Amino acid sequence: MRRVVITGLGPVSNIGIGAAAFESGLRGGHNGISAITSFDTAGFPRTMAGEVRAFEPEPILRRLDTAAWGRSSLFAAAAARLAVRDAGLRVDRVPPHRVGVVVGTTSGESKVTEEMGRRIVDHGFPALPGDLAEHLPAGRLAAAVSEELGVTGESVTLATACSASNYALGYAYDLVANGDADVMLTGGADSVCRWAHAGFVRLGAVADKACAPFDRDRSGMITAEGGAMLLLESADHARARGATPYAEVLGYGLNCDARHMVAPDAASIAECMRLAHRNAGVRPDDIDYVCAHGTGTAANDATEAAALEDAFDGRVPPVSSIKSMLGHTMGAASAFGVMAAALAIARGFLPPTINWSNPDPAMARLDPIPNHARPARVRVAQNNGFAFGGNNAIVLLGAVS
């Protein structure tokens, strides 16, 4: 098994595009939530989201024809290009079959799905243009990255919902660790759209104005979008080209509650954490920071807190939720969390949970790093990802020694 390191970050987010801007947004506790502009919100009781309004793919991309790809695919491809630049990697100097891509998503090309439905309802199937239908398959998210970078290794899209990019990272980690690839681009992408927003509103899961994870008065999540891609490579490969890693991927754990489609299970999540700890070769007291799934819903936060208490035997390290800043970026959420954990290790700070005002007595021992980033020495960090269907995925990162 080869050691695997993260050498490039490619965030396309509402608090910053590119590694430096994203780090600045985390440190400053920036709020990326605003009134929805990408669709007509008339009739919606909840109208806030985390849109990436500053996203312009053309200045970032080199190879793709942006008119031929959907928004989620462009998020993924642009994020991957940014990760390659951040890593200082000349992709053309790596054998293309030794570079692979794994992308996680919840809804794939959700805006394409919505537009196809609108045209069919309004004008019938004959009005549906073939080129629009070509944009639909979720597998195009990984294909867009492969085509943009000109790489021919394994190219996979995983659709395990809101933990998908932790799944993707685990998949990519295995390929590099086992010697099946030298470099992997991995992460997730999703787009804000009317139908997905409506679904979460109908579930009663969306907050009115702000996401306030672990706060006593939390009222729900905020839908959001973006692309988050990381460059993974073997430690030997990184060393040979003089790269400076952010962090090492120590391991991961996966399991499924297999109990309920939308209600998380604390015992199952705690067991997933223990699986991840064993796989990574760490003890709970080795971990200095947890980047929480932290959606801001009453059920998720209470369940996650209970699972942390269980897995850490009551000695839970500082825990924060970057969804308080970004909103819930769906399939990209876990990858943004991995970026936050990697930056915590490399840059020596803990990202905050903003919008936090009142402690919840049910999680009184939890330190949510309220409202302001905190200097800290982080040697090991844990990133939590949970999803509908009970799909749990936990990733462990460590400082590079």
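These remarks concern the structure in this document. (Residues numbered from 1 in each chain as written. Predicted model: local features only at pLDDT ≥ 70, side-chain atom pairs only at ≥ 80, totals over all residues. Heavy atoms only, no water.)

**Thoughts on a nonpolar patch on the surface**
A contiguous nonpolar patch, built from Leu203, Met261, Val262 and Phe388 and spanning about 390 Å² of accessible area, is present on the exposed surface. Mapped onto the elements of the fold, Leu203 is located in the loop between helix 7 (194-202) and strand 8 (226-234). (Patch = residues over 30% accessible without salt bridge, like charges linked within 9 Å, V, L, I, M, F, W, Y side chains within 5 Å. Areas by Shrake-Rupley, 256 points an atom, 1.4 Å probe, with all protein chains shown as cover. Salt bridge = Lys/Arg side-chain N within 4 Å of Asp/Glu carboxyl O. Helix = DSSP H or I, 4+ residues; strand = E, 2+ residues; numbered from the N terminus.)

**Brief notes about unusual backbone geometry**
Residue Phe214 is not a glycine yet carries a positive backbone phi of 65°. Position of Phe214 among the secondary structure elements: in the loop between helix 7 and strand 8. In this structure Phe214 comes out as buried when scored by relative accessible area, which is 2%. A positive phi angle, near 50°, is found at Ile369, a position not held by glycine. With a relative accessible area of 0%, Ile369 lands in the buried category. (Buried < 20%, exposed > 50% of the residue type's maximum accessible area, 1.4 Å probe, protein only.)

**Thoughts on the pattern of salt bridges**
Tallied over the full model, the rule gives 26 salt bridges. Salt-bridge contacts for Arg81 lead to Glu148; the nearest nitrogen and oxygen are separated by 2.9 Å. On the criterion of sequence distance, the pair formed by Arg81 in helix 2 (residues 71-87) and Glu148 in helix 5 (residues 140-149) is long-range, its members being 67 residues apart. Residues Arg81 and Glu148 agree in their burial class; the two are buried. Within the structure, one salt-bridge network assembled from shared partners comprises Glu115, Arg118, Arg119 and Asp122.

**Brief notes about the pairing of strand 1 (residues 4-13)**
With ten of ten residues buried, strand 1 is to be regarded as a mostly interior element. Relative to strand 9 (residues 247-256), strand 1 is paired through three bridges, and the arrangement is antiparallel. Bridging across to strand 9, Val4 finds its partner in Val249. Across eight bridges, strand 1 lies against strand 8 in antiparallel orientation. Of the residues in strand 8, the one forming a bridge with Gly10 is Met229. Count of turn residues in the strand 1/strand 2 (residues 16-17) antiparallel hairpin: two residues. (Pairing = 2+ DSSP bridges.)

**Regarding the layout of surface pockets**
Taken as a whole, the largest pocket spans an internal volume of roughly 430 Å³. Lining the largest pocket we find 27 residues, and of these Val262, Pro264, Thr297, Asn300 and Phe388 sit closest to its centre. Here the lining of the largest pocket takes three residues from helix 10 (residues 298-311), the largest share from any one element. Each residue belonging to the lining of the largest pocket can be placed in one class, and the counts come to 14 nonpolar, twelve polar and one charged. (1 Å grid on protein atoms, 1.4 Å probe; cavity = no way out; pocket = protein on both sides within 12 Å on 5 of 7 lines; lining within 4 Å. Points joined across faces, edges and corners; volume = space filled by probe spheres on them. Nonpolar A, V, L, I, M, F, W, Y, C, P; charged D, E, K, R; others polar.)

**Observations regarding the packing of aromatic side chains**
Taken as a whole, this structure holds five aromatic pairs when the rule is applied. Their ring planes at 35° and their centres at 5.9 Å tell us that Phe200 and Phe388 sit as a pair that is tilted. Of the two residues, Phe200 sits in helix 7 while Phe388 sits in the loop between strand 14 (380-385) and strand 15 (391-398), which places them 188 residues apart along the sequence. Residue classification places Phe200 among the buried residues on the basis of a relative accessible area of 12%. Judged by its relative accessible area of 34%, Phe388 falls in the partly exposed class. (Phe/Tyr/Trp six-rings, centres within 6.5 Å; stacked < 30°, edge-to-face > 60°.)

**Regarding the nonpolar core**
Counting 53 residues, the largest nonpolar core has Leu26, Leu230, Leu232 and Leu397 as its most contacted members. Residue contacts for Leu397: discarding those within four places in its chain leaves Ile6, Ala247, Glu248, Val249, Leu250, Val338, Ala341, Ala342, Ile345, Arg379, Val380 and Ala381. Counting 35 residues, the second-largest nonpolar core is a separate cluster that includes Val91, Ala142, Leu149 and Leu231. (Core = buried A, V, L, I, M, F, W, Y, C linked by side-chain atoms within 4.5 Å. Contact = heavy atoms within 4.5 Å.)

**What to know about the packing of helix 2 against helix 5**
Helix packing geometry: the angle between the two helix axes and the distance between the axes. It is the contact of helix 2 with helix 5, at a shortest axis distance of 8 Å, that shows an interaxial angle of 40°. Judged by the inter-axis angle, helix 2 sits oblique to helix 5. Crossing geometry of helix 2 relative to helix 5 is assigned as right-handed. Across the interface between the two elements, Ser72, Ser73, Ala76, Ala77, Ala80, Arg81 and Val84 from helix 2 touch Arg140, Leu141, Ala144, Val145, Glu148 and Leu149 from helix 5. (Axes fitted to C-alpha atoms, helices over the stretch in contact; angles between N-to-C directions. Parallel < 35°, antiparallel > 145°, perpendicular 65-115°, else oblique. Left-handed = near helix turned anticlockwise from the far one by under 90°.)

**A word on the side chain of Ser13**
Structurally, the position occupied by Ser13 is in strand 1. Residue classification places Ser13 among the buried residues on the basis of a relative accessible area of 3%. Side-chain polar atoms of Ser13 contact the backbone nitrogen of Ile15, separated by 3.1 Å. At 2.7 Å, the side chain of Ser13 forms a polar contact with the backbone oxygen of Gly16. (Polar contact = N/O pair within 3.5 Å; in protein donor to acceptor, adjacent residues only side chain to side chain.)

**Description of the packing of helix 1 (residues 19-28) against helix 12 (residues 333-347)**
It is at 11 Å that the axes of helix 1 and helix 12 come closest, and there the two elements cross at 80°. When the axes of helix 1 and helix 12 are compared, the pair comes out roughly perpendicular. Taking contact as the criterion, the partners of Phe22, Glu23, Leu26 and Arg27 in helix 1 are, on helix 12, Phe336, Met339, Ala340, Leu343 and Arg347. In terms of residue class, the contact of helix 1 with helix 12 is built from six nonpolar, no polar and three charged.

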